[in-house]
Amino acid sequence: MTQRSIYQNLDPTLNGYHPDWYDKNAKLISRKPGCSVISYQCNGTGILYDYSIFPGIDLIFMDFNCSDIFDEPNEMRNVLEIRHYQEGRVEFEFEGDKVFHLQQDEFCVNGMLNMPARYSFPFDYCSGLSLVLDKNSMTEVTRSQLALFQIDISVLEEDLDTAHQWYICKTPPSMCHVFEELYAAKEHETSQYFRIKVLELLYHATKLRKEDRVAATYYAREHIEIVKRVRKAMLKDLSRSTPLEQFLRGEAISTVTFQTIFKQIYGRSPYAYLKHYRMNSAAVQLRESNESINQIALSLGYSNASKFARAFRDVFGVLPKDYRTAQKAI
Amino acid sequence: MTMKQRSEVAADRAASYLREMGIRPSSKAYQYLLFALTQLQCGTPFQNSIWELTAIHFGQKRENVLACVRREIAHAFRMAPDRFSNERVGDVPARPPQSMAFLRLGLYMINRVVY
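- Chain A goes by AraC family transcriptional regulator in an unreviewed UniProt entry, where it is assigned to Flavonifractor plautii.

1. Digging into the sheet that holds strand E3 (residues 44-54) of chain A
All names here are of chain A.
1) Next: In space, the eight strands of this open sheet follow the order E1-E2-E3-E4-E11-E6-E9-E12, with antiparallel pairing throughout. Sheet topology places strand E1 (26-32) and strand E12 (167-170) at the edges, where each strand pairs with a single neighbour. This sheet shows a mean twist of 20° between the axes of neighbouring strands, independent of strand direction.
2) Next: As paired elements, strand E4 (residues 57-66) and strand E11 (residues 126-134) share eight bridges and run antiparallel to each other. If you follow Phe61 over to E11, its bridge partner there is Leu129.
3) Next: Against the sheet, helix H2 (residues 153-160) makes contact with strand E6 (79-88), strand E9 (106-110), E11 and E12, and its axis sits at roughly 65° relative to E6, the strand it touches most.

2. Some points on the pairing of strand E7 (residues 90-94) of chain A
All names here are of chain A.
1) Next: Burial analysis of E7 places five of its five residues in the buried class, the great majority of the element.
2) Next: On E7, burial covers both faces: Val90, Phe92 and Phe94 on one face and Glu91 and Glu93 on the other are all buried.
3) Next: Bridging between E7 and strand E8 (residues 98-102) involves five bridges; their strand directions are antiparallel. Bridge pairing links Glu91 to His101 in E8.

3. Some details on the pairing of E6 of chain A
Residue and element names in this part refer to chain A.
1) Next: Of all ten residues in E6, eight are buried; the element is thus mostly enclosed.
2) Next: As defined by bridge partners, E6 adjoins E11 across nine bridges and the pair is classed as antiparallel. Counted as the bridge partner of His84 is Leu129 from E11.
3) Next: Sheet analysis places E6 next to E9, joined by four bridges and oriented antiparallel. Directly across from Ile82, in E9, lies its bridge partner Val109.

4. Some details on the sheet that holds strand E13 (residues 219-220) of chain A
Residue and element names in this part refer to chain A.
1) Next: Read across the open sheet, the five strands follow the order E5-E10-E7-E8-E13; overall the sheet is antiparallel. At either end of the open sheet lies a strand with only one pairing partner, and these are strand E5 (69-71) and E13.
2) Next: Bridge count between E7 and strand E10 (residues 118-120): three bridges; the pairing is antiparallel. Within E10, the position partnered with Glu91 by the bridge is Ser120.

5. Remarks on the layout of surface pockets
1) Next: Taken as a whole, the largest pocket encloses approximately 820 Å³ of empty space.
2) Next: If you trace the largest pocket, you find 33 residues lining it, with Tyr193 of chain A together with Ser7, Glu8, Thr38 and Gln39 of chain B closest to the centre.
3) Next: Those elements that place two or more of their residues in the lining of the largest pocket are helix H3 (173-185) and helix H4 (191-205) of chain A together with helix H1 (3-20), helix H2 (28-41) and helix H3 (50-58) of chain B.

6. Observations concerning the interface of chain A and chain B
1) Next: Counting residues at the interface gives 21 residues for chain A and 19 residues for chain B.
2) Next: Carbon and sulfur atoms make up 65% of the area that chain A and chain B hide from each other, which totals about 1700 Å².
3) Next: On inspection of chain A and its partner chain B, the count reaches two residue pairs in polar contact (both at pLDDT 80 or more).
4) Next: Looking at the side of chain A that touches chain B, the elements with two or more residues in it are helix H1 (140-148), H3 and H4 of chain A.
5) Next: Sorting elements by how many residues they give to the side of chain A that touches chain B places H4 of chain A first, with eight residues.

7. Section: the domain arrangement of chain A
All names here are of chain A.
1) Next: Assigned domains of chain A: these are domain 1 (3-212) and domain 2 (219-329).
2) Next: Each of domain 1 and domain 2 was reduced to a C-alpha centroid, and the two centroids are 35 Å apart.
3) Next: In this complex, domain 1 contributes eleven residues to the contact, which on the side of domain 2 involves ten residues.
4) Next: Buried surface at the junction of domain 1 and domain 2, summed over both partners, amounts to about 870 Å²; 42% is from carbon and sulfur atoms.
5) Next: When the buried area of domain 1 at its contact with domain 2 is split by residue, Glu91, Val99 and His101 rank highest and sum to 44% of it.

What counts and what doesn't
Residues numbered from 1 in each chain as written. Chains lettered and ligands numbered in written order. Predicted model: local features only at pLDDT ≥ 70, side-chain atom pairs only at ≥ 80, totals over all residues. Heavy atoms only, no water. Pairing = 2+ DSSP bridges. Helix = DSSP H or I, 4+ residues; strand = E, 2+ residues; numbered from the N terminus. Axes fitted to C-alpha atoms, helices over the stretch in contact; angles between N-to-C directions. Contact = heavy atoms within 4.5 Å. Buried < 20%, exposed > 50% of the residue type's maximum accessible area, 1.4 Å probe, protein only. 1 Å grid on protein atoms, 1.4 Å probe; cavity = no way out; pocket = protein on both sides within 12 Å on 5 of 7 lines; lining within 4 Å. Points joined across faces, edges and corners; volume = space filled by probe spheres on them. Buried area = accessible area lost by both parts, 1.4 Å probe. Polar contact = N/O pair within 3.5 Å; in protein donor to acceptor, adjacent residues only side chain to side chain. Domains from an automatic or database assignment.

So this is what it looks like as structure tokens:
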């Protein structure tokens, strides 16, 4: 006997495509039962995989490789959103020129209030997911399904106080494995699989405690712009080691504030960031050019090759010559 | 072992157990029981709502899933009641086990025997 799925004909909108949810430059590129693929027109690539889980609940995977700034649709929606980023970080800009960053392995739960006006990716790449619970589109069936597992969205909102502020915390181990399974299943599994994982995720979300909340640190847009401008200047000429103070001359920011914001955006202190950037450039040159190690060291501001070799080993764990040999063998 | 590998191993163990107990792989109940046993082995937080979870996964009503499972367990019992004997007491039960008891026994056997 063939049993019909109870989700068949349940809701005609259960197709994972909500044009009003995405940036105005988003375009639907493919649509399969339960999953839509949306592409963002940008200077690079931006792809969303939108899986319909239950009526009113969508799981959206995001993959961005671009430096664009996207507008968040400003229509007030009655939603609750859980966001997590596997790689990269996101810069959210709110009304009033306040900016904050969500980092890899942090996750947040946010309500319809305090929705960001814009967002971008400081590393020019980002992959993550967003679980969107659209309360207006949720049907009684969805609510009753959630209730079977003691999941009540209103209680979750109340417990985490999402009406007033974002709930941000380090991803707890119980949720880490669910996120890991979700990322591994992207494009391979069906909505059926995601349904179970989403229930697990929501179940664990109901166990979150207010005390584990991490306070979000907001910075002024003008400070963020200074930091980005100075970073660009720092990377312009890698062959010279210019003191940070020189870059900050004439900028309306103190060295301490600059260093704090720099670390917030890029995850490292300016010195460590520059060192990693130099070593990544070195790795590219070692792989793709025939320049001598001495020449590469000089082009990156190292006065001698042994100092450069030490720095390279600190970052990549091998000496530049061994790295080049290994890469050539591949 | 990755999550995926762990879940594949769990599914293999569950499948061996179900076949050993006479649950027909061609039946719908086999799919339901396989899913439920795999989820339980993988530590689902919904141990007490495993039938609800199974029903949601397959897009069915819980009652339909349970009825289907009950029928298949009853069939397996009719075919070979000895398989359901209590190994400690040695008695063959008079009637097939309830669906939840069958799952619990399955989990116990899977964890005890390395397939």
